[in-house]
Amino acid sequence: MVRHRRLNEFDPLAGATPDGSASSAGELLATLRAHRRVMLTMTALGVGLAALYAAASPPLYAARAQLLLSPRAMPTASGQASAGAIEPAQIESEIVVMRSERVAEAAIRDVDPQLAGRAPLVPLRAWLRETLQFNASEATDPFLIGRRKLDIVARRLSVRRIGFSNAIELTYASGTPEHAAAMANAITAAFIRERASAREDAARESALWLETRIEEVRRRMSETTAQAQKRRAQRDYRIAGAANAADATSVEELDSQAASYTRTYESYLQALTDNAQRQALTGVEARVITRASAAAPKTQPSWSMILALGALGGGLGGVALSFLREGVRRAVRSPADLSAATDLECVGVLPRIARRGWRPSSRLSSPLFEVAAAPFSRFSDSLKRVQTALAIHDRETPTRRIGVVSALGGEGKTTFLCNLAELLAASGSRVVVVDADLRKPALSRALAPGAAAGLIEALRAPAEAADFVVATSVERIDILPSAGDAPVASHDLLGSPAMAEILQGLAGAYDYVLVDLPPLTLLPDGYAIGHLLDGMILLACWNKTPMATLREVADGLRAAGAGGLAAVLTGVETTDAAARPYYGA
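Along each chain, numbering runs from 1 in the same order as the chain's sequence is written. Totals for whole chains, interfaces and linings use all residues, but because this is a predicted model, local features are given only for residues with pLDDT of at least 70 and pairs of side-chain atoms are given and counted only at 80 or more. Each side-chain value is derived from all of the structure's non-hydrogen atoms; neither hydrogens nor water enter the calculation.

Novice: With reference to specific residues and values, describe the overall build of the protein.
Specialist: Comment: elements are numbered from the N terminus, with helices defined as DSSP H or I runs of at least four residues and strands as E runs of at least two. Assigned secondary structure in the protein consists of 19 helices and 15 strands. Within the protein, buried positions represent 43% of all 585 residues. For the protein, long-range pairs separated by at least 24 residues make up 80% of all intrachain contacts whose partners lie at least 6 apart in sequence. Calculation of accessible area relied on Shrake-Rupley with a 1.4 Å probe; when residues are assessed, cover is drawn exclusively from the protein chains displayed. As presented, the protein carries roughly 29,900 Å² of accessible surface, and 57% of it is formed by carbon and sulfur atoms. Only protein chains enter the area calculation, which uses a 1.4 Å probe; residues under 20% of their type maximum are buried, those over 50% are exposed, and those in between are partly exposed. The contact criterion used is simple: two residues touch if any of their non-hydrogen atoms lie within 4.5 Å.

Structural data, given as structure tokens:
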């Protein structure tokens, strides 16, 4: 429409850089800000689901017991006891033993893990596995029942070393504090019994091996002694010679073997005694220093953690959904986007009208009169740029009959037209607005609420159209309202010679004729009237209007013969410092 400095080269409201490209950080913030309702909804949904989960989850109580591992004292040569140090690997080994199935089975024999007051809270993965793999035979199979009990104990049991000390803390969680304490104490008792049993088994095996070796050595010692005595008894001392010398040698050898077996026998006896003492005095001793109490604290559900995780998950889901929606429905967010989608000049970037409290009169409480209520607001200053663009274009090509149209509903075209009319009237121009949105005459309800006749009647008698024009409360602004029921073929009426005659007559009586048209994606009225106007302004709402839709309607207007096209971006939201009013308005 007008070829002065392009607004998409630099616009503070859109957060664009002078080379026409928005910063990645700005785009990210703009996307998040535009989809804040989605993110807030998802966050609220996450918190709600987390609250339901926490409310439906049965409570778990954690009972804690503590054991102390200490080395057994070894007697020294002086008769004093000396205790060695426990290696970290030994402590880790004791922790593994405490978590072993053997200890769990011993504890289960004392306390059944399924006798909690409420059903155990199992992880979702385990619940799904049990549900999907369940069959009728599993309910009565003793082996599978035992395995389920062991799984319950393994999930509920936690064992850790306390700092760098030799103390071990055992924690067991259950549906009731009494059951949690009973299981914790049962596991500690089973662990101590298991260690004692293991020590006894080791001592028994060692003693059995030594006893076997002692019996064998004793037998050989007895046999050798007996042979030596027998050979000595058969020896003839009266006969001297080589034979007697050989017998003497054989007896001495047998005596030597018997003495050797005797020494071996005595050493094994000593080893047996030492082994018994070593098993009793060496190794690691475990003793309970803190028994689990029935006054166990409640650990699950943790409302604060569950709600925090729900809020975090919902927020992340909202962010992901926002970017997914952004990728599927690419909406316009800058003058560059608007120009790229429509191949039109962007002549204005209008911020969202800020909500206000009290205003001097009820008329000024509507956004339709934002210019009158706040003449120095950001919206008013931005709209003045559109007015300036129209004035510059009017010097080159007379532009008196201007249509205002949008692709979608709710993009602010009626608000834009009404405030633009106020600016033009404030500059001394006589303006008439034509409410051609016959199905939703919002402009007529605001400016001429009592009108009984208007555009539809004027189309039946175009020569008398001036008789249906109504003066408004704003000086130098009149309106040709829309009253009565909308016709079925409204596009045929708006593109007819009668409409051309009406526009021609109004253009002769007023400086500007502004025509409010319905959204192009809903009705084709804008396409039908486009060739009768000097220019059309296509509005697009920031982060709402899809770029593909804008491209379609812009191509449709060109194909319909609409001339003097321009575009305006409305409803822009930004917190950029460059967008703050220079004069503090």
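Novice: Quick one: what's the story with helix H17 (residues 497-509), residue by residue and with numbers?
Specialist: Helical geometry: 3.6 residues make up each α-helical turn, so side chains three or four residues apart lie on a common side. Counted at 1.5 Å a residue, the expected span for H17 with its 13 residues is 18 Å, and the 19 Å between its end C-alpha atoms agrees. Every buried residue belonging to H17 is among Ala498, Met499, Ile502, Leu503, Leu506 and Ala507, and all of these are buried. Working rule for helices: expected span equals 1.5 Å times residues minus one.

Novice: Summarise the environment of Glu457; cite the residues concerned and give the values.
Specialist: As for its placement among the helices and strands, Glu457 is situated in helix H15 (residues 455-460). When sequence neighbours within four positions are dropped, the list of residues in contact with Glu457 reads Phe468 and Ala483. In the analysis that follows, any N or O atom pair within 3.5 Å is treated as a polar contact, provided that within protein one partner can donate a hydrogen and the other can accept it, and provided that, for residues neighboring in sequence, both atoms belong to side chains. A polar atom in the side chain of Glu457 sits 2.8 Å from the backbone nitrogen of Gly454.

Novice: Give a description of the packing of helix H10 (residues 335-342) against helix H19 (residues 547-559) that names residues and reports values.
Specialist: All axes here are fitted lines through C-alpha atoms, helices being fitted over the stretch that makes contact, and every angle between N-to-C directions spans 0 to 180 degrees. For the pair H10 and H19, interaxial distance at closest approach is 7 Å and the crossing angle is 50°. When the interaxial angle is binned, H10 and H19 end up oblique. Remark: the crossing between H10 and H19 carries right-handed chirality. Of the residues in H19, those in contact with Asp337, Leu338, Ala340, Ala341 and Thr342 of H10 are Met547, Leu550, Arg551, Ala554 and Arg558. Throughout, the ten residues Ala, Val, Leu, Ile, Met, Phe, Trp, Tyr, Cys and Pro are labelled nonpolar, Asp, Glu, Lys and Arg are labelled charged, and all others, Gly among them, are labelled polar. Per-class residue counts for the contact of H10 with H19 are 6 nonpolar, 1 polar and 3 charged. Under this scheme an angle from 65 to 115 degrees is roughly perpendicular, one under 35 degrees roughly parallel, and one over 145 degrees roughly antiparallel; angles in between are oblique. In this scheme the crossing of two helices becomes right-handed for a clockwise turn of the near helix relative to the far one and left-handed for an anticlockwise turn of less than a right angle.

Novice: Can you break down the pattern of salt bridges residue by residue, with the values?
Specialist: Salt bridges are identified by distance alone: a Lys or Arg side-chain nitrogen within 4 Å of an Asp or Glu carboxyl oxygen. Under the criterion given, the structure shown has 14 salt bridges. The salt bridge involving Arg102 is made with Glu194; its shortest N-O contact spans 3.1 Å. Placement of Arg102 in helix H4 (residues 101-110) and of Glu194 in helix H7 (residues 177-234) is noted, with a sequence separation of 92 residues between them. With a relative accessible area of 16%, Glu194 lands in the buried category.

Novice: Could you give an account of the packing of helix H3 (residues 88-98) against H7, with specific residues and numbers?
Specialist: Interhelical geometry of H3 versus H7 gives an angle of 115° and a closest axis separation of 10 Å. The handedness of the crossing between H3 and H7 is right-handed. Counting all contacts with H3, which are made through Glu94, Val97 and Met98, the residues of H7 involved are Ile187, Phe191, Glu194 and Arg195. Its residues assigned to classes, the contact of H3 with H7 comprises 4 nonpolar, no polar and 3 charged.

Novice: If you had to explain the sheet that holds strand E13 (residues 512-516) to someone new, which residues and values would you point to?
Specialist: Whether two strands pair comes down to DSSP finding at least two bridges between them. Ordered by their spatial adjacency, 8 strands build an open sheet running E8-E15-E14-E9-E13-E10-E12-E11, and the pairing between neighbours is mixed. Looking at the sheet topology across the chains shown, the edges are occupied by strand E8 (346-351) and strand E11 (470-471). Helix H13 (residues 413-426) contacts E8, strand E9 (401-406), strand E10 (431-435), strand E12 (477-480), E13, strand E14 (535-541) and strand E15 (565-572) of the sheet and is inclined by roughly 170° relative to E13.

Novice: Could you give me a rundown of the confidence of the model for the protein, with the residues and numbers involved?
Specialist: As a per-residue measure, pLDDT tells how confident the predictor is, with possible values from 0 to 100. Taken residue by residue, the protein gives an average pLDDT of 79. The fraction at 70 or more is 78%. Between residues 115-122, whose pLDDT stays under 50, and residues either more than four places distant or in other chains, the model counts 18 contacts. Taken as a whole, residues 576-580 scores under 50 in pLDDT and shows 8 contacts with residues more than four places along the chain or in a different chain.

Novice: Can you break down the packing of aromatic side chains residue by residue, with the values?
Specialist: Only Phe, Tyr and Trp rings take part, Trp by its six-membered ring, and two of them pair if their centres are within 6.5 Å. Stacked means planes under 30 degrees apart, edge-to-face means over 60, and tilted covers everything else. Enumeration according to the criterion identifies 0 aromatic pairs in this entry. A positively charged side chain is recorded as over a ring if its NZ (Lys) or CZ (Arg) lies within 6 Å of the ring centre. The angle to the ring normal must also be within 35 degrees. Over the ring of Tyr512 we find Arg400, and its NZ or CZ is 5.6 Å from the ring centre.

Novice: Tell me about unusual backbone geometry, and name the residues and values.
Specialist: Leave glycine aside and you will find that most residues have negative phi; peptide bonds, for their part, are mostly trans. Phi angles above zero are rare outside glycine, and Arg476 is one such case at about 70°. Relative to the helices and strands, Arg476 is located in the loop between E11 and E12. Judged by relative accessible area, which is 34%, Arg476 ranks as partly exposed. Of note, the phi angle at Asn543 is positive, near 60°, even though the residue is not glycine. Within the secondary structure, Asn543 is located in the loop between E14 and H19. Residue Asn543 is classed as buried on the basis of its relative accessible area of 7%.

Novice: Account for H19, with residues named and values stated.
Specialist: Counted at 1.5 Å a residue, the expected span for H19 with its 13 residues is 18 Å, and the 18 Å between its end C-alpha atoms agrees. Turning to H19, its buried residues number three or more, namely Met547, Thr549, Leu550, Val553, Ala554 and Leu557. Taken around the axis of H19, the buried residues stretch over an arc of 155°, which confines them to a single face. Turned more than 90 degrees away from the buried face of H19 sit Glu552 and Ala559, all of them exposed. Here the buried face of H19 lies against H10, E9, helix H18 (525-529), E14 and E15. Following H19 by one or two positions, Gly561 has its phi on the positive side, about 90°. Within this analysis, the arc is defined by the directions that extend from the helix axis to the C-beta atoms.

Novice: Tell me about the nonpolar core, and please be specific about residues and values.
Specialist: Throughout this description, the term nonpolar core refers to a set of buried Ala, Val, Leu, Ile, Met, Phe, Trp, Tyr and Cys residues connected via side-chain atoms within 4.5 Å. Of all hydrophobic cores here, the largest spans 49 residues; its most connected members are Leu455, Leu480, Met499, Leu506, Val515 and Ile529. Ranked by residues supplied to this core, first place goes to H17 with 6 residues. Dropping the residues within four chain positions of it, Leu480 is found in contact with Val432, Val433, Val434, Asp435, Gly454, Leu455, Ala458, Ala465, Phe468, Val469, Ile502 and Leu506.

Novice: So what about the side chain of Thr472? Which residues, and what values?
Specialist: The topology assignment puts Thr472 in the loop between E11 and E12. Take Thr472: its relative accessible area is 13%, and that puts it in the buried class. Within polar-contact distance, the side chain of Thr472 engages the backbone oxygen of Val474 at 3.3 Å. Side-chain polar atoms of Thr472 contact the backbone oxygen of Ile477, separated by 2.5 Å. Beyond its immediate chain neighbours, meaning those up to four positions away, Thr472 contacts Leu447, Ile477, Asp478 and Ile479.

Novice: An account of a nonpolar patch on the surface is requested, with residue identities and associated values reported.
Specialist: A cluster of nonpolar residues, Met305, Leu309, Leu312 and Leu316, forms a patch on the protein surface that exposes about 430 Å² of accessible area. If you trace the backbone, Leu309 turns up in helix H9 (residues 303-328). Within the patch definition used here, like charges are joined within 9 Å and nonpolar side chains (Val, Leu, Ile, Met, Phe, Trp, Tyr) within 5 Å, considering only residues with over 30% relative accessible area and no salt bridge.

Novice: Run through empty space enclosed by the protein, naming residues and quoting values.
Specialist: Only protein atoms enter the calculation, which uses a 1 Å grid: trapped sets of points that fit a 1.4 Å probe without letting it out are cavities, open sets showing protein on both sides within 12 Å along at least five of seven lines are pockets, and any residue with an atom within 4 Å of a point is a lining residue. Grid points are joined across faces, edges and corners, and a volume is the space filled by probe spheres set on the points. Under the defined criterion, the tally for this structure stands at 1 cavity of 30 Å³ or more. Lining the largest cavity, in full, are Cys418, Ala421, Glu422, Val433, Leu447, Thr472, Val474 and Ile477. Sorting elements by how many residues they give to the lining of the largest cavity places H13 first, with 3 residues. Residue composition of the lining of the largest cavity, by class: 6 nonpolar, 1 polar and 1 charged.

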